[in-house]
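Chain residues, written in single-letter form:
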Amino acid sequence: MQYRTALPGARKRAWALGLASALVAALAVSAPGLRGGVASASSHREAPLIAADPQHDNTDLYAFVSPDKPDTVTFVANWIPFEEPNGGPNFYPFAAGSHYDISIDNRGRGMPDITYRWTFSNQDNRGTGTFLNNNGPVTSLGDPHLLFKQTYTLQEIQGDQTTTLVSNGIAAPSDVGPASMPDYASLRSQAVSTFEGGQARTLAGQAADPFFLDLRVFDLLYGANLKETGHNTLAGFNVNTIVLQVPTSDVVLNGDRGRNPVIGIWSTTSKRTLKLTPGKATPTGDFVQVSRLGSPLINEVIVPAALKDAFNALPPSQDHTLAALVDRVRNPEVPKLVQSIYGIPAPAAPRNDLAEIFLTGICKTCGPIAADLNSQKMNQDVDAASFVPAEELRLNTSIAPTANPNRLGVLGGDAAGYPNGRRLNDDVVDIEVQALEGAGVGQLVIALAGGDGVDVPANPIASSFPYVALPNTGPVNEAATAAAAQGSGGQSPALGPTLGGLGSALAGLEHLLSPSAAPASHAATPSPGPVPSSPAAGHSSQGFLGGLLNLLGL
């Protein structure tokens, strides 16, 4: 195991808090840029064109085995970044007529084997009589006081076959405030639509933004003095969310989780060209994909500025054909910046470990990380000749939910978390910082253990569907003040102690993740606890596993 430290003396802590966050953005970028089975960071305003079109802007994508229904998989896709709760009078509807898609690739071809599509329509009864969304308290989705609402159709597309799963579903409206919507939780519950005999369900509406990080990395790496950290930039903001929960057998290859547990996921938005006339915009022409998200921060940090808009329009199947993108994954910019500014040596290029994490998923035949975790190459019915590297969020559905999730995911001994899918509480920023600096091949930077100083979402995540928190209703400046007073949820533990339970987890990791092994039990299992040191263990493992064991002194 190789340890790398940062600046000497007093500057080390500043580096840990500041640059870790900076790398967060880069890591999230790097990790997502590769087609890892991880859900990464966020994608708020990542490219020039989509920054001017927030209704179509994907912000985050999550995918996880449902903790309360472990025979199902839950997808959470968010749009419209930085929704100020009081931003009326039109608030934040989905774009009527556009396509909001969540696509599943279970064959590793970078193409959708299954696409779930939501298409929204407006019901606007405001007319010339009012500027308000509601003219009295709204107590139900059918309340006549609710003057503006949206309905949607949910379709499932497989090849040439399209099936309507939900028709005339009702989206939960934007939360106007406690006077207008005194029981928003009830309105949101009414907006849940079920199908497949109640085995599947979906919700479209507004939620508190679950992503958490300090975005001041863009101010010259936290103000050029590494003191601008520990503030959750997204606290108080809302997003529009689509939550989908379906039986695992619906999305895995041939319906067989035992043989084919790994899926790749990405979300997209497509719109039609608009013909503009005074006071009116009329859709015309074909649908064009304008936003795309798999792993987070890929477009922000990995993709160079000249290709950002083009990346949003690409299908994952084309990622491996763009040399400029692949080169940025194998030779990322962030570690070089860290080296030049802070003297921490950048891992040598080409970064085949990052290519495995982000483009192929982690498997023994994929690259230098000697473990089978989340590559579609692990699916026994996949045609290896058709597999292509692609940027997707990958999830191994055979790994059971964890009773006590560790925010550091696999790095913290919790194989049910990032980079195996992405849960709402996974601290992808801190994880990806270490990944960019070489954690995949056993190089961890202890000085970065503090990350960006933001460890938990601003709003608690629920343990059951739809998991996302209710929308914020107070102005963001008040919410930000309150969040700053509360802090980020406690001091970040040192990296070594946090990884204390990983030794026992790794002992059975190869068997657990092997596609030929019996599927893991789908009852929730507790996180592994600390294990005694074993001097011999560290000498029997290599790369990722060996590095982590050495870190623990095993």
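To keep things clear, this report deals only with the structure shown in the data block. Fair warning: this is a prediction, and the values are worked out from it, not measured in the lab.

## Description of the overall build of the protein
In step 1: Within the protein, the secondary structure is distributed over 15 helices and 14 strands.
In step 2: Per element, the accessible surface of the protein, about 20400 Å² overall, is 54% carbon and sulfur.

## Examining the sheet that holds strand E3 (residues 72-83)
In step 1: On the basis of which strands lie adjacent, the open sheet formed by 5 strands has the order E2-E3-E10-E9-E8 and antiparallel pairing. Because the sheet does not close on itself, it has two edges, and the strands there are strand E2 (58-65) and strand E8 (193-195). Across the sheet, the mean angle from the axis of one strand to that of its neighbour is 15 degrees, orientation sign disregarded.
In step 2: Inspection of the sheet shows E3 paired to strand E10 (residues 238-247) by 9 bridges, in the antiparallel sense. The residue bridging Val 76 from the neighbouring strand is Val 243, located in E10.

## Some remarks on the packing of aromatic side chains
In step 1: Applying the stated criterion across every chain, the model contains 8 aromatic pairs.
In step 2: Consider the rings of Trp 79 and Tyr 100, whose centres lie 5.1 Å apart with planes at 85 degrees: the pair is edge-to-face. Here the residue Trp 79 occupies a position in strand E3, and Tyr 100 occupies one in strand E4 (residues 99-105), the gap between them amounting to 21 residues. In this structure, Trp 79 and Tyr 100 share a single accessibility class: buried.
In step 3: Summarising the aromatic geometry, the rings of Phe 94 and Phe 120 are spaced 4.1 Å apart at their centres and angled 5 degrees between planes, so their arrangement reads as stacked. Of this pair, Phe 94 sits in the loop between E3 and E4 while Phe 120 sits in strand E5 (residues 114-124), and the two are 26 residues apart along the sequence.
In step 4: Residue Phe 94 is classed as buried on the basis of its relative accessible area, which comes to 2%.
In step 5: Through a chain of ring-to-ring contacts, the aromatic side chains of Trp 79, Phe 94, Tyr 100, Phe 120 and Tyr 152 assemble into a single cluster.

## Topic: the environment of Val 445
In step 1: By secondary structure assignment, the location of Val 445 is in strand E14 (residues 443-445).
In step 2: Given a relative accessible area of 0%, Val 445 falls into the buried group.
In step 3: Each C-alpha atom of the pair Val 445 and Ile 344 lies 8.8 Å from the other, and the pair is 101 residues apart in sequence.

## So, unusual backbone geometry
In step 1: Cis geometry marks the peptide bond from Gly 88 to Pro 89, where omega comes out at 5 degrees.
In step 2: Tracing the backbone shows Pro 89 in the loop between E3 and E4.
In step 3: In this structure, Phe 82 is a non-glycine residue whose phi angle is positive, near 55 degrees.
In step 4: Along the chain, Phe 82 turns up in strand E3.

## Details of the pairing of strand E13 (residues 393-396)
In step 1: Side-chain alternation along E13 places Leu 393 and Leu 395 on one buried face and Arg 394 and Asn 396 on a second face that is also buried.
In step 2: In terms of strand pairing, strand E11 (residues 262-277) meets E13 through 4 bridges, oriented antiparallel. Bridge assignment links Val 262 to a residue of E13, and that residue is Asn 396.

## Side note on helix H10 (residues 428-436)
In step 1: The buried fraction of H10 is high, at 9 of 9 residues.
In step 2: Listed as buried for H10 are Val 428, Val 429, Asp 430, Ile 431, Glu 432, Val 433, Gln 434, Ala 435 and Leu 436.

## Quick look at the state of the cysteines
In step 1: A full pass over the atoms with the stated rule returns 1 disulfide.
In step 2: Between the sulfur atoms of Cys 363 and its disulfide partner Cys 366 the distance amounts to 1.9 Å. Across the disulfide from Cys 363 to Cys 366, rotation about the S-S bond amounts to roughly 90 degrees, and the bridge is consequently right-handed.
In step 3: On the accessibility criterion, Cys 363 (1% relative accessible area) is buried.

## Examining the environment of Gly 367
In step 1: Relative to the assigned elements, Gly 367 resides in the loop between helix H9 (352-360) and E13.
In step 2: Put simply, Gly 367 and Asp 353 are 14 residues apart on the chain and 6.5 Å apart in space, counted from C-alpha to C-alpha.

## A look at the packing of helix H7 (residues 323-330) against H9
In step 1: At a minimum axis separation of 7 Å, H7 and H9 run at an interaxial angle of 120 degrees. On H9, the residues that touch Val 326, Val 329 and Arg 330 of H7 are Asn 352, Leu 354, Ala 355 and Leu 359.
In step 2: Classifying every residue of the contact of H7 with H9 by side-chain character gives 5 nonpolar, 1 polar and 1 charged.

## Thoughts on the pattern of salt bridges
In step 1: Taken as a whole and assessed by the stated rule, the structure comprises 18 salt bridges.
In step 2: The closest approach of N and O atoms between Asp 430 and Arg 407, which form a salt bridge, is 3.0 Å. Remark: Arg 407 occurs in the loop between E13 and H10 and Asp 430 occurs in helix H10; sequence separation between them is 23 residues.
In step 3: Looking at Arg 407, the relative accessible area reads 15%, which means it is buried.
In step 4: Among the charged side chains, a network of salt bridges with common partners joins Arg 407, Asp 427, Asp 430 and Asp 455.

## A word on the nonpolar core
Within soluble globular proteins, side chains that are nonpolar generally end up buried alongside one another.
In step 1: Judged by nonpolar contacts, the single largest core of 86 residues is most densely connected at Phe 75, Ile 104, Tyr 116, Trp 118, Phe 120, Leu 154 and Ile 265.
In step 2: At 6 residues, the largest contribution of residues to this core is made by E3.
In step 3: If we ignore the near neighbours within four places in the chain, the residues touching Trp 118 are Ser 98, His 99, Tyr 100, Ile 102, Tyr 152, Thr 153, Leu 154, Thr 202, Ile 242 and Leu 244.

Here is what the cut-offs are and how they apply
Residues numbered from 1 in each chain as written. Predicted model: local features only at pLDDT ≥ 70, side-chain atom pairs only at ≥ 80, totals over all residues. Heavy atoms only, no water. Helix = DSSP H or I, 4+ residues; strand = E, 2+ residues; numbered from the N terminus. Areas by Shrake-Rupley, 256 points an atom, 1.4 Å probe, with all protein chains shown as cover. Pairing = 2+ DSSP bridges. Axes fitted to C-alpha atoms, helices over the stretch in contact; angles between N-to-C directions. Phe/Tyr/Trp six-rings, centres within 6.5 Å; stacked < 30°, edge-to-face > 60°. Buried < 20%, exposed > 50% of the residue type's maximum accessible area, 1.4 Å probe, protein only. Disulfide = S-S within 2.5 Å. Contact = heavy atoms within 4.5 Å. Nonpolar A, V, L, I, M, F, W, Y, C, P; charged D, E, K, R; others polar. Salt bridge = Lys/Arg side-chain N within 4 Å of Asp/Glu carboxyl O. Core = buried A, V, L, I, M, F, W, Y, C linked by side-chain atoms within 4.5 Å.

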